[in-house]
Amino acid sequence: ANRREYHPFFVESVHGVAPGLERLDEPAAWRLSQLRNIDLRGPVQLQTVSPLFLTGRSGRLISAPTLTDLVNAATRRLRGVSPMHVLPLWDKLIKEVLKLAEKIQIEPWRGSMVNVNRYSGSQGRTIRLRAIQGGLQLTCGIPQLDTLLAAASWLHIGKWTTLGLGQITRAHIQSPRGQW
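Residues numbered from 1 in each chain as written. Predicted model: local features only at pLDDT ≥ 70, side-chain atom pairs only at ≥ 80, totals over all residues. Heavy atoms only, no water.

**Thoughts on helix 1 (residues 67-80)**
Structurally, the α-helix is built with 3.6 residues per turn, so residues lying three or four positions apart point the same way. Over its 14 residues, helix 1 extends 20 Å from the first C-alpha to the last, a length consistent with the 20 Å expected when each residue adds 1.5 Å. Considering only its buried residues, helix 1 is in contact with strand 3 (44-48), helix 2 (87-103), strand 5 (125-138) and helix 3 (146-155). (Helix = DSSP H or I, 4+ residues; strand = E, 2+ residues; numbered from the N terminus. Expected span 1.5 Å × (residues − 1). Contact = heavy atoms within 4.5 Å.)

**As for the environment of leucine 165**
Take leucine 165: it is sitting in the loop between helix 3 and strand 6 (168-172). Classification of leucine 165 by relative accessible area gives buried; the value is 5%. Along the sequence, leucine 165 and leucine 52 sit 113 residues apart, while their C-alpha atoms lie 5.8 Å from each other. Setting aside residues up to four positions removed in sequence, leucine 165 forms contacts with Ser50, Pro51, Val116, His156, Ile157, Lys159 and Trp160. (Buried < 20%, exposed > 50% of the residue type's maximum accessible area, 1.4 Å probe, protein only.)

**Quick word on the nonpolar core**
If you look at the biggest cluster of nonpolar residues, it comprises 30 residues, and the most contacted ones within it are Leu67, Val71, Leu138, Leu145 and Ile157. Once you skip the residues sitting within four places of it in the chain, valine 71 turns out to touch Val97, Leu98, Ala101, Leu145 and Leu148. Val116, Ile127, Ala131 and Leu165 belong to the second largest nonpolar core, which has 6 residues in total. (Core = buried A, V, L, I, M, F, W, Y, C linked by side-chain atoms within 4.5 Å.)

**Thoughts on the packing of helix 1 against helix 2**
Where helix 1 meets helix 2, the closest approach of the two axes is 9 Å, and the angle between their N-to-C directions is 170°. One finds that helix 1 runs roughly antiparallel with respect to helix 2. Regarding helix 1 and helix 2, the two cross each other, and that crossing is right-handed. Between helix 1 and helix 2, the residues in contact are Leu67, Thr68, Val71, Asn72, Thr75, Leu78 and Arg79 and Leu87, Trp90, Asp91, Ile94, Val97, Leu98, Ala101 and Glu102, respectively. (Axes fitted to C-alpha atoms, helices over the stretch in contact; angles between N-to-C directions. Parallel < 35°, antiparallel > 145°, perpendicular 65-115°, else oblique. Left-handed = near helix turned anticlockwise from the far one by under 90°.)

**Overview of the side chain of serine 120**
Here serine 120 shows up in strand 4 (residues 110-120). Polar side-chain contacts of serine 120 include one of 3.3 Å to the side chain of serine 122. For serine 120, the residues in contact, after removing those within four places along its chain, are Arg125 and Ile127. (Polar contact = N/O pair within 3.5 Å; in protein donor to acceptor, adjacent residues only side chain to side chain.)

Put into structure tokens, the structure is as follows:
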């Protein structure tokens, strides 16, 4: 049989990253507001860098997410890594941010389903994960959501983020329609 051999993963080095993506010798704390934000006043593209697995309330994969789905996932992820004393503020903010996301005009999701294989040591087998890859174009800017989406690009969103899935990027685009 054609059996693949798997090897343990080791972290060989750890280093810090500055807000401008410069490598630092040591990890360092910094605020999201220090990121070099891009101009998001005009048309914007949100694109997956790695496969994305978002589920709806039913627990099923969302195959064509909206901006609201992405923002909801980002707020859940950030809430999950926030200190306990700020959680009441997050709960209030989440409602406001979702209302804002619903108002922004978007082009339909462009993307496809992808299979991601991962090896489970505890099960002793390869597991196939179904995810999506693609992006959204927003016809107008989203400066109010920029810090949230910047955080989402660093922390990743959806399930299996510890496997490196769910990274998104945001970019200003010149042409609002059809130019990917």
